[in-house]
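Chain and residue survey
Letter by letter, the chains look like this.
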Amino acid sequence: MTRPAPRVVEALNAALHRLFEERTSLHLLGEDVRDPYGGAFKVTRGLSARHPDRVLSTPISEAGITGVAGGLALAGDQAIVEMMFGDFAALAFDQILNLISKSVTMYGDRVPMPVVVRCPVGGNRGYGPTHSQSLQKHFLGVPNLALYETSPFHDPYAQLAEGLDRGPAMLFEDKVLYTRRMFRDGVVDEHHRYALRGGPTGWAHISSMDGTAADVVLICPGGTAHRALDAARLLRARGIAAHVLVPARLYPPDLEPVLPLLADARLVAVAEESTEGGTWGAEIAARVHARIWAQLRAPVMLLNSADSVVPTAPHLEARVLLGAERIAEEIEAGAARSLPPRAPATPLPATPLAVTGPETPGPETTAPETAEAGAREPEAGAADSAGPAAGVPVAVPKLNNNDTAYLVVRWFADDGAHLDEGDPLVELETSKAVEEIAAPAAGHLRVRAAEGSEVGVGELLAELLAEPPATPGAEATPEPLPEPARAHEPGPAAARTHVLDRAQQGTAAVVTRAHREVPVAFAAVEVTVDVVLARLRTLSDETGAEVGLPEAVVKAVAAAHPAFPHLFGTLVDDRTVRLADTVDIGVTVDAGNGLYIPVLRDCAGRSLADLSDDLMDFRLKAFRAEFTAGELSGGCLSVSLNTEPGVLFVQPIVMAPQLCMVSVGGPLTRLVLEDGVPASTTVVTLGLAYDHRVVNGRDAVAFLRAVADALHNAEKLVELVDGQ
């Protein structure tokens, strides 16, 4: 099995180990950088064990640490400084500005100053105003000082080595990147590829797999790269092709390798997380203007976070920091001003607008003219391939600012049924709620997207035809919706009511359907977890990932797949079960604003640390209600996580068309006798709700015992925790 790409924190750690092996005069200084702590973000893990005399944990004095590093460099050694948080580099500004950078040239001869100051920066972690800033702009333009930023495309070894060799330098490391995987082999995802321009410390150029030329080039530092990629995906759905450029070195920038790409684009934008004013983006814009002003169609657009401190509360933090949706919206608006109308051209491959025509306005959108929005005109006859020309296409509207795709929950009418304008048509599930879409015109329904399928914004949902369709459309098995859950009707004046929000109404509809359709049985077992909890604590210290019982249960469930494949299947009809090729497991996440069941992919083939990274990401997305429909669909079995202390057991439902849901309760202390001596042990209750049409009680109990055995059997536990 191919090993997954390393996380950014692992790549940084490997780079430091390599540098310490190669450079015997290299030192590392910082607060709590020695083992077993290994730094606040575990970047220096293992270094002090191998090089105890050259890795020094220091007192809390950023100015002192940096001054010592400068002294080591002047004495002929090399030094890397770790700021626990990049915000504290402000305390070392005098040493960086007036000692380290000036020492290169102020003594008459050029003096080598091999010093790199590493700075964890950026928000989206809820760390608050003094631990979440992006301070790169404050160090721009200091003579002799080079600035780098980690990215998922660039090897940090090349950045650190070049920084030491040309020194002094600063390496900014966006904290959100630490748990992200590096990209490798030129592949970003199924739609995007990347190539390096200008060598290992040059630019990563991200473009479409199909080679579509850029309408927009979006330049961003590495910490903003994933948001830029998400924005490029949103723009693609709106008919605008965006390429992304990510540099390894922020300053001084080398624009030569990318100038031809910028000159050919119709709009150039720079997106960064810092607040506006004296920014890196402004420096890039000034240099681009000076070099290729005559070829630009519009001035370079600058995108920044709001002019504010970074709040601690996640929902406020998300409003302040620059996000993918805002990037896409601003670029779309800029494209409307700067992109000239195009002659009809071949539409972007896989772009829904080419099939459905103008996007149907949603609650938060208006329908701009195609030329003004920069969208491509569909080819003549393109819509004909989707079905009869006589009719009204129903495209997927944009329902909120977080998602680019939604889940088709159910159709209100059968394929071929006649609907009047305004009749309920279909329910779509977004990351925030279940939304009802009404028929935009009268006609006979032809379904184009089946229940349970994922549809992108602008894709064809259905057609409303003047005549009944000759053949059935896409599969649809609509049923009357249950009445939405709601509060009791008002009674006496003193009565109080509670009105369910849309998210809870969506949950109510799913639960009601499950209880009505699936004949559920339930079994439970108790399992001791002392040994696995101890091993998980050790694993967390070793990997830097917060690995706990939920990840272990998911992994143990996945390990049971070969012996119980039919429990991981989906019911096709009364006699057929479709078996799953990969173990994709849904997990319940409830952050107080709705119940979500996002899906962990390939749980059998990935490590506990990987699953922990995804679960942490899911919890943040649940808090901010940022899930896409794709993240909430496709599971072959679900696990209900209720691991708060004191929870005895939970009886879950079965999410059709799945056949099973596992539940895990909270840790409970039991008093047992060991060789006649009272001792305490920790247990949890594992439960299994199962579709009795497919799974019998004997199989259910055997499955639970297999999962329990993987959690406390010594031999299997090693395989579960330490293996893939």
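Here, every reference points to the structure presented above.
Residues numbered from 1 in each chain as written. Predicted model: local features only at pLDDT ≥ 70, side-chain atom pairs only at ≥ 80, totals over all residues. Heavy atoms only, no water.

1. What about the sheet that holds strand β20 (residues 454-456)?
Put simply, the rule is: Being paired, for any two strands, means DSSP has found at least two bridges between them. Numbering goes from the N terminus for both helices and strands, where a helix is a DSSP run of H or I of at least four residues and a strand is a run of E of at least two. In this analysis an axis means a line fitted to C-alpha atoms, helices contributing only their contacting stretch, and an angle means the value between N-to-C directions, from 0 to 180 degrees.
Strand order in this open sheet of four strands is β18-β17-β15-β20, and the pairing throughout is antiparallel. In the strand order of this sheet, the two ends are held by β18 (434-438) and β20, each with one partner. Averaged over neighbouring strand pairs, the angle between their axes works out to 40 degrees when direction is ignored.

2. Here we look at the pairing of strand β10 (residues 242-247)
Quick reminder of the rule: Exposure is judged per residue with a 1.4 Å probe applied to protein chains only, and the accessible area is read against the type maximum: over 50% gives exposed, under 20% gives buried, and values in between give partly exposed.
When you tally the buried positions in β10, you get six out of six residues, the bulk of the element. Burial along β10 is two-sided: the residues Ala242, Val244 and Val246 and His243, Leu245 and Pro247 are all buried. Bridge analysis of strand β8 (residues 203-208) against β10 gives four bridges, and the strand direction is antiparallel. Bridging from a neighbouring strand, Trp203 pairs with Pro247 of β10. Of the pairings in the sheet, the one linking strand β9 (residues 216-219) to β10 comprises four bridges and is parallel in character. Looking across to β10, one finds that Val216 is bridged to Ala242.

3. Focus: the pairing of strand β12 (residues 267-275)
Taken across its nine residues, β12 has eight buried, putting it largely inside the fold. Pairing between β9 and β12: four bridges, direction parallel. By the bridge assignment for β12, Leu218 is matched with Ala269. Summarising the sheet, β12 and strand β13 (residues 301-305) pair through four bridges and their orientation is parallel.

4. Here's the deal with the packing of aromatic side chains
Each aromatic ring pair is described using two quantities: the centre-to-centre distance and the angle formed by the ring planes. Threshold: Note on ring pairs: Phe, Tyr and Trp rings are taken, using the six-membered ring of Trp, and paired if centres are within 6.5 Å. Classes follow the plane angle, with under 30 degrees stacked, over 60 edge-to-face and the rest tilted. In this scheme, the term charge over a ring applies when either NZ of a lysine or CZ of an arginine sits within 6 Å of the ring centre and within 35 degrees of the ring normal.
Under the defined criterion, the tally for this structure stands at 10 aromatic pairs. Measuring from centroid to centroid gives 5.6 Å for Phe564 and Phe703, while their planes differ by 90 degrees, and the two rings are edge-to-face. Here Phe703 lies in helix α17 (residues 697-712) and Phe564 lies in the loop between α15 (549-559) and β23 (570-573), a separation of 139 residues in the sequence. Residue Phe564 is classed as buried on the basis of its relative accessible area, which comes to 12%. For Phe703, a relative accessible area of 0% gives the class buried. Three or more aromatic residues joined by ring pairs form one cluster here, namely Phe41, Phe85, Phe88, Tyr127 and Tyr178. Here the guanidinium or amino end of Arg18 rests over the ring plane of Tyr157, the centre of that ring lying 3.6 Å away.

5. As for the pattern of salt bridges
Under the convention used in this document: Here a salt bridge means any side-chain nitrogen of Lys or Arg lying within 4 Å of a carboxyl oxygen belonging to Asp or Glu.
As enumerated under the stated definition, the model contains 24 salt bridges in all. Here Arg118 and Glu82 are joined by a salt bridge, their closest N and O atoms 2.8 Å apart. Taken together, the residues span a long stretch of sequence, with Arg118 in strand β4 (residues 115-121) and Glu82 in strand β3 (residues 78-82) at a distance of 36 residues. Overall, the relative accessible area of 0% leaves Arg118 in the buried class. When its relative accessible area of 4% is taken as the criterion, Glu82 is described as buried. Where Arg693 meets Asp691, a salt bridge forms, and the shortest distance between an N and an O atom there is 2.7 Å. Residue classification places Asp691 among the buried positions, given a relative accessible area of 1%.

6. Concerning the sheet that holds strand β14 (residues 391-395)
Strand pairing in a sheet relies on backbone hydrogen bonds, with the paired strands running either antiparallel or parallel. Ordered by their spatial adjacency, four strands build an open sheet running β14-β21-β19-β16, and the pairing between neighbours is antiparallel. Edge strands, defined here as strands with exactly one partner in the open sheet, are β14 and β16 (418-419). Across four bridges, the pairing between strand β19 (residues 443-447) and strand β21 (residues 460-465) is antiparallel. Its bridge partner lying in β21, His444 is registered against Leu465.

Everything listed is a geometric property; what it means functionally is a separate question.
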